[in-house]
Amino acid sequence: RRVAILLSGGGSNMVALARSMTGDHPARPVLVMANSADAGGLEKAAAMGIETGFVDHRPFAGDRGAFEEALHERLSQAAPDILCLAGFMRVLTEGFVARWQGRMLNIHPSLLPKYRGLHTHARALEAGDAEHGCTVHEVTPALDDGPILGQARVPVQPGDTPEGLAARVLEMEHRLYPAVLRRFAAGRREPVLLP
Ligand code: GRF
């Protein structure tokens, strides 16, 4: 299976996913795409020998459809079977999702359905939750919704800051996402639950 990974930032999840696709793994990374030329993950992907691309979203300001046309055009050149959103910070329209639905995954740093959207760690602390975590789900038109393919739980510790909690969640993301992708690429859908 051919996997394209979409990112906006440093790409630590992309690195974890790419490193996992070796040996008898049913998938290989064929493209790493960003929505800006200076996403740190692009350099990391290139250093790993993975093809990279980007579509800067800013020239398309306001015309989300045109941005997604350009994205789809570049993606299609790599002919991926599966898209993994990994720290991709652009909301995708129903039109784009419809083309990839059932073949597009996302990782979100909360125990969905709790805390869809942004600032999830601060919100979990604000709520006094005893545990937090991350979720991999199939992407559907509704934001951070869709069938759950995996979850990893992280205990909240006394004195946790959003940054400290985020760092612990990110470490679990790097374990959860590869485990889910391996199962998904093998055609299996039962959720991965960690620890
Ligand atoms: C992190 O906040 C992570 O929780 C979320 O995307 C952000 C960037 O991750 N999934 P990455 O290092 O670019 O993979």
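Going by the structure above, here's the rest.
Residues numbered from 1 in each chain as written. Predicted model: local features only at pLDDT ≥ 70, side-chain atom pairs only at ≥ 80, totals over all residues. Heavy atoms only, no water.

Draft legend 1. How the structure looks around the sheet that holds strand E3 (residues 52–54). Read from one edge to the other, the open sheet built from eight strands follows the order E3-E2-E1-E4-E5-E6-E7-E8, with strand pairing classed as mixed. Of all the strands in the sheet, just E3 and strand E8 (192–194) have a single pairing partner and so form its edges. If you compare each strand with its neighbour and ignore which way they point, the axes differ by 15 degrees on average. Sheet topology places strand E1 (residues 2–7) next to strand E4 (residues 82–85); four bridges connect them, and they run parallel. If you follow Leu-6 over to E4, its bridge partner there is Leu-85. Set on the sheet, helix H6 (residues 162–185) makes contact with E1, E4, strand E5 (104–108), strand E6 (131–138), strand E7 (148–155) and E8; between it and E7 the angle comes to about 155 degrees. (Pairing = 2+ DSSP bridges. Helix = DSSP H or I, 4+ residues; strand = E, 2+ residues; numbered from the N terminus. Axes fitted to C-alpha atoms, helices over the stretch in contact; angles between N-to-C directions. Contact = heavy atoms within 4.5 Å.)

Draft legend 2. Spatial organisation of H6. The end-to-end C-alpha separation of H6 is 33 Å, in line with the 34 Å expected for 24 residues at 1.5 Å each. Looking one or two residues past H6, Gly-187 carries a phi angle of roughly 85 degrees, positive in sign. (Expected span 1.5 Å × (residues − 1).)

Draft legend 3. Local environment of the pairing of E5. Burial analysis of E5 places five of its five residues in the buried class, the great majority of the element. Along E5, one buried face is formed by Met-104, Asn-106 and His-108 and the opposite face, lined by Leu-105 and Ile-107, is buried too. Note: E4 against E5, three bridges, orientation parallel. Looking at the pairing, Cys-84 lines up with Leu-105 of E5. As a crossover connection, the stretch from E4 through helix H4 (residues 94–100) into E5 is right-handed. (Buried < 20%, exposed > 50% of the residue type's maximum accessible area, 1.4 Å probe, protein only. Right-handed = clockwise from strand over helix to strand, strands pointing away.)

Function cannot be inferred from these measures alone, as they are strictly geometric.
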